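# A structural walkthrough
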Amino acid sequence: MLIKSLTGTKDIFGDEVNEWIKIEKTIRDLCKDFGFSEIRTPMFEFTSLFQRGVGETTDIVQKEMYSFIDKGENHITLKPESTAPAVRAYLEHNMHAKIQPVKMYYISPAFRYEKPQAGRYRQFHQFGVEMFGSSSAVADAEVIALGDMLLKRLGLKKVELHINSLGGPECRKQYNENLAKFLENKKEHLCELCNNRRLKNPLRVLDCKNEKCQKVLTDVPTTLTSLGEECKKHFEEVQALLTAMNINFIVDGSIVRGLDYYTKTVFEFISNEIGSQGTICGGGRYDKLVEEIGGNPTPAVGFGAGIERLLLTMEAENGPMYIDNSKDIFIGYRGEEAMIEAVKLTNELRQAGLKAETDPLGRSVKAQMKYANKLEVRYSAIIGESELETKALSLKNMATGEPSILPFSDVATFLKDDTNANL
RNA sequence: GUGGGGAUAGCUCAGUUGGUUAGAGCGCCAGAUUGUGGCUCUGGAGGUCGCGGGUUCGACUCCCGUUCUUCACCCCA
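Residues numbered from 1 in each chain as written. Chains lettered and ligands numbered in written order. Predicted model: local features only at pLDDT ≥ 70, side-chain atom pairs only at ≥ 80, totals over all residues. Heavy atoms only, no water.

With that out of the way, let us pick up helix 6 (residues 169-185). Compared with the 24 Å implied by 1.5 Å per residue over 17 residues, the 25 Å span of helix 6 between its first and last C-alpha is a close match. Taken together, the buried positions of helix 6 are Cys-171, Arg-172, Tyr-175, Leu-179, Phe-182 and Leu-183. Looking straight down helix 6, one finds that the buried residues subtend no more than 95° of arc, so they occupy a single side. Counted as exposed and oriented over 90 degrees from the buried face of helix 6: Glu-170, Lys-173, Lys-181 and Asn-185. (Helix = DSSP H or I, 4+ residues; strand = E, 2+ residues; numbered from the N terminus. Expected span 1.5 Å × (residues − 1). Buried < 20%, exposed > 50% of the residue type's maximum accessible area, 1.4 Å probe, protein only. Arc of directions from axis to C-beta.)

In structure tokens, the structure reads:
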């Protein structure tokens with residue numbers, strides 16, 4: 001019986017892996033431009049890190065973590081997200097003593113035991129950034145701008161930026177009271193689920209997609225109505241900075257985020273092109289998290305973006321990504337002696353930095369030419385008796401069919417000049 | 001965790017009210033006078049019809065279970 005891969009996981013290869021390489025390069029270049037440096041944290045951590053960091057009551061911790069006990073009886077969990085590990089690393093390596101703010105990014109797998117569907121996997125990949133040490137709106141704006149620029153560089157035009165402010169702890173408390181009061185008056189009109197949420201965590205009611213509830217919510221007070229002076233000013237500054245940078249946004253009181261640690265600014269980049277899992281990037285400010293994990297009070301802001309969802313959106317908006325698989329040259333052969341010469345020449349060309357191929361299957365000349373055609377080489381050549389004698393190749397231009405004769409020793413230079421001419 | 005659709009060749013899919021050697025297109029390999037690709041033509045390889053059980057003389061087809069997949073709820077990336 002063939003052993004297959006686990007549900008919710010997938011192999012990435014062929015053209016698809018080239019898409020990944022392309023998007024990863026875009027991300028790394030972007031982060032360099034914004035002054036964020038990469039951090040690679042381990043794939044697993046002590047379970048307690050996520051219990052504290054992500055929050056004991058969240059779905060992620062309660063039912064979605066891949067947890068196990070290792071041979072040393074450590075309670076271990078495959079990372080379900082990368083913000084908590086980033087905070088852990090920040091504290092463990094005393095990064096508060098480095099130049100402030102500390103700006104880091106990661107591209108990492110994450111693991112959640114959920115039922116897979118479009119844009120949702122059990123092993124998925126996140127690109128995220130975290131900025132520690134600044135409470136200024138400039139930090140919020142910079143992080144959002146980074147996300148916005150990523151989408152632009154990936155050619156995405158139909159993604160909307162929704163922003164909101166949850167306020168600090170005092171505003172949150174005030175708002176929860178206001179909201180609870182508002183919802184109590186409307187309780188006959190709310191669905192059963194929402195009436196549960198109303199008592200446990202009224203914020204979650206805002207997320208409900210039930211039509212009836214949405215009707216009730218049309219005139220719900222948003223978190224914005226409960227913001228104190230300082231939080232209000234902060235949010236206005238964020239908006240002014242986004243406007244100054246020409247970044248379009250929608251102030252959306254329904255963006256509340258699932259995780260409890262967010263404070264003040266929260267945001268999501270949402271696409272309507274990829275089904276129900278439309279949030280391709282989400283984040284915000286989390287000024288209390290570093291303390292929660294045991295550090296000194298440190299303001300921070302960041303986001304996580306789903307690579308799979310980015311790719312889905314790119315495909316939905318712009319079709320399949322163009323991947324250049326072309327190669328410089330194929331060198332075939334006829335006969336034992338010629339085979340050695342072809343292998344030798346191919347290797348020399350590769351050493352010179354050219355994309356050269358030969359035939360590893362010992363096929364007929366005709367089959368070798370077919371192979372060369374499928375490899376998308378720009379030139380092909382066959383080495384046989386006459387070439388061995390003259391030490392010269394007949395290079396065939398695969399697009400035009402034109403041959404050019406030149407000595408073995410000149411092939412590399414010829415191909416390099418040709419490449420430059422095509423740029 | 002809840003609910004709907006699906007599973008037949010490497011890929012996309014046909015397969016008639018259950019009937020004998022399960023098909024097509026694409027892809028792969030080979031050939032069309034033997035040292036040159038693309039187009040065309042010909043041939044070939046490749047399937048325990050997801051897996052297990054049941055009904056039946058007989059199951060790819062009907063029933064049950066199971067796994068995987070897909071879409072949605074939930075939650076999030």
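Having seen it, we continue.
To continue, consider the pattern of salt bridges. Note that side chains of opposite charge can pair when their charged atoms are close. The final tally for this structure, using the stated rule, is 22 salt bridges. Across the pair Arg-88 and Glu-45 runs a salt bridge, and its minimum N-O distance is 2.4 Å. Of this pair, Arg-88 sits in helix 4 (residues 83-92) while Glu-45 is found in strand 2 (residues 44-46), placing the two residues 43 residues apart along the sequence. With respect to class, Arg-88 is no different from Glu-45; both count as buried. A cluster of three or more residues bridged by salt bridges with shared partners is formed by Arg-28, Glu-38 and Arg-40. (Salt bridge = Lys/Arg side-chain N within 4 Å of Asp/Glu carboxyl O.)

Our focus in this paragraph is the sheet that holds strand 12 (residues 327-333). The strand order across the open sheet formed by five strands is 13-12-14-15-16, and the pairing between neighbours is mixed. With partners counted over all chains shown, the strands left at the sheet margins are strand 13 (356-358) and strand 16 (403-407), one partner each. Averaged over all pairs of adjacent strands, the angle between their axes in this sheet comes to 25°, without regard to strand direction. The pairing of strand 12 with strand 14 (residues 377-383) spans six bridges and is parallel. Among the inter-strand pairings, Phe-330 is bridged to a residue of strand 14, identified as Ser-380. Sitting on the sheet, helix 12 (residues 336-351) touches strand 12, strand 13, strand 14 and strand 15 (392-397), and the angle it makes with strand 12 is about 165°. Across the face of the sheet, helix 15 (residues 411-421) comes into contact with strand 12, strand 14, strand 15 and strand 16 while running at roughly 165° to strand 14. (Pairing = 2+ DSSP bridges. Axes fitted to C-alpha atoms, helices over the stretch in contact; angles between N-to-C directions. Contact = heavy atoms within 4.5 Å.)

By themselves, these observations are geometric and do not establish any function.
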